[in-house]
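Working through the structure, step by step
Chain by chain, the residues:
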Amino acid sequence: DAGITQSPRHKVTETGTPVTLRCHQTENHRYMYWYRQDPGHGLRLIHYSYGVKDTDKGEVSDGYSVSRSKTEDFLLTLESATSSQTSVYFCAIGWARGESGYTFGSGTRLTVV
Amino acid sequence: SQQGEEDPQALSIQEGENATMNCSYKTSINNLQWYRQNSGRGLVHLILIRSNEREKHSGRLRVTLDTSKKSSSLLITASRAADTASYFCATAHYGQNFVFGPGTRLSVLP
């Protein structure tokens, strides 16, 4: 989607290995979000950021960490990937928390084998 | 839970018909949004409706919000095959993050 890109688009990794997903925006939005999407669950918030170096946990944050060293980049790290983290991961950006529509990236399909 | 629940889970209609999807939630909210997701793609924002609004329109889309019933509906008029997608509602209390429901899968048959 325009203004937000995720990389990689697809990744297969082995259990126990670290994995980092990247979200890059060119819109200068303050808020950035990481969601995972699994069948029957909709989108669940993992972590979000409200500024450089300002992050907070979402509802399913266990096993994940994030970093935001620049306004435009928000990284999601799986320190030691597990099969339960096989999912599609979406990054989103927004102007204000709970007040404006989000723009979503195209997603990263992660498979942990 | 604040999470909205869409209903029905799946809906199949013929091209040209109207499609109605509903979202119900349990606690009071400040804002509610609807999104569309085509297969294999990210979510696309459709409409945001605030708790003091009752109806909003965007092209062939109409969203209503009934805070007394804690429910919202998304109406797509004169549906097209290209409207085939999953539709999600997301709700938020003031100053909090949006929480997404599990979605409705809409199939529009030619």
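Residues numbered from 1 in each chain as written. Chains lettered and ligands numbered in written order. Predicted model: local features only at pLDDT ≥ 70, side-chain atom pairs only at ≥ 80, totals over all residues. Heavy atoms only, no water.

So, the state of the cysteines
- Applying the stated rule across the entire model yields two disulfides over all chains.
- One disulfide bridge connects Cys23(A) with Cys91(A), the sulfur atoms lying 1.9 Å from each other. Taking the sign of the S-S torsion, about -75° here, the bridge from Cys23(A) to Cys91(A) comes out left-handed. Here the residue Cys23(A) occupies a position in strand β3 (residues 19-25), and Cys91(A) occupies one in strand β9 (residues 87-94), the gap between them amounting to 68 residues. Here the two residues Cys23(A) and Cys91(A) agree in accessibility, since each one is buried.
- Bridging Cys23(B) to Cys89(B), the disulfide has an S-S length of 2.0 Å. Judged by the sign of its S-S torsion, about 60°, the bond between Cys23(B) and Cys89(B) is right-handed. Of this pair, Cys23(B) sits in strand β3 (residues 19-24) while Cys89(B) sits in strand β9 (residues 85-92); the two residues are 66 residues apart in sequence, bridging distant segments of the chain.
- Classification of Cys23(B) by relative accessible area gives buried; the value is 1%. (Disulfide = S-S within 2.5 Å. Helix = DSSP H or I, 4+ residues; strand = E, 2+ residues; numbered from the N terminus. Buried < 20%, exposed > 50% of the residue type's maximum accessible area, 1.4 Å probe, protein only.)

Remarks on the pattern of salt bridges
Residues and elements named next belong to chain A.
- Throughout the structure, instances matching the rule amount to seven salt bridges over all chains.
- One salt bridge in this structure joins Asp73 and Arg22, with 3.1 Å as the shortest N-O distance. In this pair, Asp73 sits in strand β8 (residues 73-78) while Arg22 sits in strand β3, placing the two residues 51 residues apart along the sequence.
- For Asp73, a relative accessible area of 7% translates into the label buried.
- For the salt bridge of Lys70 with Asp73, the shortest nitrogen-to-oxygen distance reads 3.3 Å. (Salt bridge = Lys/Arg side-chain N within 4 Å of Asp/Glu carboxyl O.)

Let's talk about the sheet that holds strand β1 (residues 4-7) of chain A
All names here are of chain A.
- Read from one edge to the other, the open sheet built from four strands follows the order β1-β3-β8-β7, with strand pairing classed as antiparallel. Two strands in the sheet have a free side with no partner beyond their single neighbour: β1 and β7 (64-70). For this sheet, the mean inter-axis angle between neighbouring strands, taken without regard to orientation, is 20°.
- Pairing between β7 and β8: five bridges, direction antiparallel. Residue pairing in the sheet places Ser65 in a bridge with Thr77 of β8. (Pairing = 2+ DSSP bridges. Axes fitted to C-alpha atoms, helices over the stretch in contact; angles between N-to-C directions.)

Observations concerning the interface of chain B and chain A
- Listed per partner, the contact involves 23 residues of chain B and 20 residues of chain A.
- Taken together, the two surfaces of chain B and chain A that pack against each other cover about 1600 Å², and 46% of this comes from carbon and sulfur.
- Of all residues in chain B, Leu43(B), Asn97(B) and Phe100(B) give up the largest surface area on contact with chain A, accounting jointly for 33% of the area buried on that side.
- Our count for the contact surface shared by chain B and chain A stands at one salt bridge.
- Taken together, the links from chain B to chain A amount to nine residue pairs in polar contact (both at pLDDT 80 or more).
- Only β4 (31-37), β5 (43-50) and β9 of chain B provide two or more residues apiece to the side of chain B that touches chain A.
- Looking at side-chain class alone, the side of chain B that touches chain A contains nine nonpolar, twelve polar and two charged residues. (Contact = heavy atoms within 4.5 Å. Buried area = accessible area lost by both parts, 1.4 Å probe. Polar contact = N/O pair within 3.5 Å; in protein donor to acceptor, adjacent residues only side chain to side chain. Nonpolar A, V, L, I, M, F, W, Y, C, P; charged D, E, K, R; others polar.)

Overview of the confidence of the model for chain B
- Per-residue confidence for chain B gives a mean pLDDT of 94; residues scoring 70 or more make up 98%.
- Within chain B, no element has a lower average pLDDT than strand β1 (residues 5-7) of chain B, which sits at 87, and none a higher one than strand β7 (residues 61-66) of chain B, at 98. (pLDDT = per-residue confidence, 0-100.)

Remarks on the environment of Ile46(A)
All names here are of chain A.
- Following the sequence through the fold, Ile46 ends up in strand β5 (residues 42-51).
- Under the relative-accessibility criterion, Ile46 is labelled buried at 0%.
- Note: C-alpha distance between Ile46 and Gly105 (59 residues apart in sequence) is 15 Å.
- Discounting residues that sit within four places of it in the chain, Ile46 has contacts with Trp34, Tyr35, Arg36, Lys57, Gly58, Val60, Ser61, Tyr64, Leu76 and Tyr89.

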